[in-house]
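Geometric and topological summary
Below are the chains, spelled out letter by letter.
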Amino acid sequence: MVPSSNSTVNVHVLLSFVTGVLIVAGLIWRLGWKKGLIMTLAAAATFGFCDQASNFIKDIVCRIRPLNEAYMLENGLNVLEHASSSFSFFSGHSANSFGLATCTVIGFRLDKRLKYNGYATWMFFWATMVAVSRIFVGKHYLGDIIVGSLVGIAAGFVFANIARIIINKFLK
């Protein structure tokens, strides 16, 4: 039996929620509850900033999505998701995933006992797969995901370092 789209969405939401809980639990376990909470808030701020920034810029730039372009459809674009009325530039998925990866990797590395290279490799691999998937489903152009990724990395770096400053100033 093929699952309906609603159950597929529910599985994705559940997996995202569980992954988020595991990351938060890991930050709190490795950094202690105060530092872990500050880094969790930094990751949430990164996510919120990236999401809102992408929506704000999309409405200014007004770039049509590939799956809404007649030329792209006529020349063989394989559409895997339903058409969207929103615009394309820049990819919020790319920004969010790279922002989360950057912020949490910096956060985990506040724990000087380990380098977390495996975690960093996995998170940036995951963020890259999320970004590339947006091209394959017909939602974004390559430039959209590159800019989204760079915005996410910058936001993750800024919010993680704000959190690091707060931790060093108030919790040392």
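Above: the structure in question.
First things first, this report covers the structure right here in the doc. Numbers given to residues run from 1 along each chain, matching the order in which its sequence is written. In keeping with the model being predicted, local features are shown solely for residues with a pLDDT of at least 70 and side-chain atom pairs are shown and tallied solely at 80 or more, while totals for entire chains, interfaces and linings include all residues. Note: side-chain values were computed over all heavy atoms of the structure, leaving out hydrogens and water.

**Topic: the packing of helix α4 (residues 92-108) against helix α5 (residues 117-136)**
Under this scheme, a helix contributes an axis fitted over its contacting stretch, all axes are lines through C-alpha atoms, and angles between N-to-C directions fall in the 0 to 180 degree range. In this description a helix means any DSSP run of H or I spanning at least four residues, a strand means any run of E spanning at least two, and both kinds are numbered starting from the N terminus. Two numbers describe how α4 lies on α5: the axes approach to 8 Å, and their chain directions differ by 175°. Between α4 and α5, the crossing angle belongs to the class labelled roughly antiparallel. Taking contact as the criterion, the partners of H93, S94, S97, F98, L100, A101, T102, T104, V105 and F108 in α4 are, on α5, Y119, A120, M123, F124, W126, A127, T128, V130, A131 and R134. Polar here means any residue outside two lists: the nonpolar Ala, Val, Leu, Ile, Met, Phe, Trp, Tyr, Cys and Pro, and the charged Asp, Glu, Lys and Arg; Gly therefore counts as polar. Taken together, the residues of the contact of α4 with α5 sort by class into 13 nonpolar, six polar and one charged. Each angle is binned into one of four classes, with values under 35 degrees roughly parallel, values over 145 roughly antiparallel, values of 65 to 115 roughly perpendicular, and all other values oblique. Here, two residues are considered to be in contact whenever any of their heavy atoms come within 4.5 Å of each other.

**Let's talk about the packing of helix α2 (residues 33-61) against helix α6 (residues 142-170)**
With their axes 9 Å apart at the nearest point, α2 and α6 run at an angle of 150° to one another. Our classification of the angle between α2 and α6 gives roughly antiparallel. Note that α2 runs across α6; the crossing there is right-handed. Seen from α2, the contacting residues are K35, I38, M39, A42, A45, T46, F49 and C50; seen from α6, they are V151, G152, A155, G156, F159, A160, A163, I166 and I167. Classifying every residue of the contact of α2 with α6 gives 13 nonpolar, three polar and one charged. Less than a right angle of anticlockwise turn of the near helix away from the far helix marks a crossing as left-handed, whereas a clockwise turn marks it as right-handed.

**Focus: the nonpolar core**
Grouped together as the largest cluster of nonpolar side chains are 23 residues, with contacts concentrated most on L27, M39, C103, Y119 and M123. Secondary-structure elements contributing two or more residues to this core are α1 (5-31), α2, α4, α5 and α6. Per element, the largest residue contribution to this core is six residues, and it comes from α4. Apart from residues lying up to four places away in sequence, M39 is in contact with L27, L31, C103, G107, L110, A160, A163 and I167. Counting residues in each nonpolar core, the second largest holds five residues, with C50, A53, F90 and A155 among its members. The criterion is simple. A nonpolar core is a set of buried Ala, Val, Leu, Ile, Met, Phe, Trp, Tyr and Cys residues joined through side-chain atoms within 4.5 Å. Three exposure classes are used, based on accessible area relative to the maximum for each residue type with a 1.4 Å probe and protein chains only: buried under 20%, partly exposed in between, and exposed over 50%.

**Let's talk about α5**
Here, expected helix span is obtained from the residue count minus one, scaled by 1.5 Å. Between its first and last C-alpha, α5 extends 28 Å over 20 residues, near the 28 Å set by a 1.5 Å rise per residue. Considered for burial, the residues of α5 that qualify are Y119, A120, M123, A127, V130, A131 and R134. Seen along its axis, α5 keeps its buried residues to an arc of 105°; they face one direction. In α5, the exposed positions angled more than 90 degrees off the buried face are occupied by G118, T121, W122 and F136. The positive-phi residue at the C-terminal boundary of α5 is G138, with phi of around 85°. The directions considered for the arc run from the helix axis to the C-beta atoms.

**Re the side chain of S54**
As for its placement among the helices and strands, S54 is situated in helix α2. On the accessibility criterion, S54 (1% relative accessible area) is buried. The contact partners of S54, leaving out residues within four places of it in the chain, are F89, F90 and G92.

**Here we look at the environment of N96**
Among the structural elements, N96 can be located in helix α4. Taking the C-alpha atoms as reference points, N96 and S149, 53 residues apart in sequence, are found 8.1 Å from one another. When residues no more than four places from it in sequence are discounted, the contact partners of N96 are F47, C50 and D51.

**Considerations on the packing of aromatic side chains**
Each Phe, Tyr or Trp ring (for Trp, its six-membered ring) is paired with any other whose centre lies within 6.5 Å, and the angle between the two planes then decides the class: stacked below 30 degrees, edge-to-face above 60, tilted in between. For the structure shown, the criterion picks out six aromatic pairs. Judged by centre distance (6.2 Å) and plane angle (85°), the ring pair of F89 and F90 falls under edge-to-face. Here a set of aromatic residues connected by ring pairs shows up, and it is made of F108, Y116 and Y119. By definition, being over a ring means that NZ of Lys or CZ of Arg is both within 6 Å of the ring centre and within 35 degrees of the ring normal. In this structure, R30 is placed above the aromatic ring of W29, and the distance from its NZ or CZ to the ring centre is 4.9 Å.

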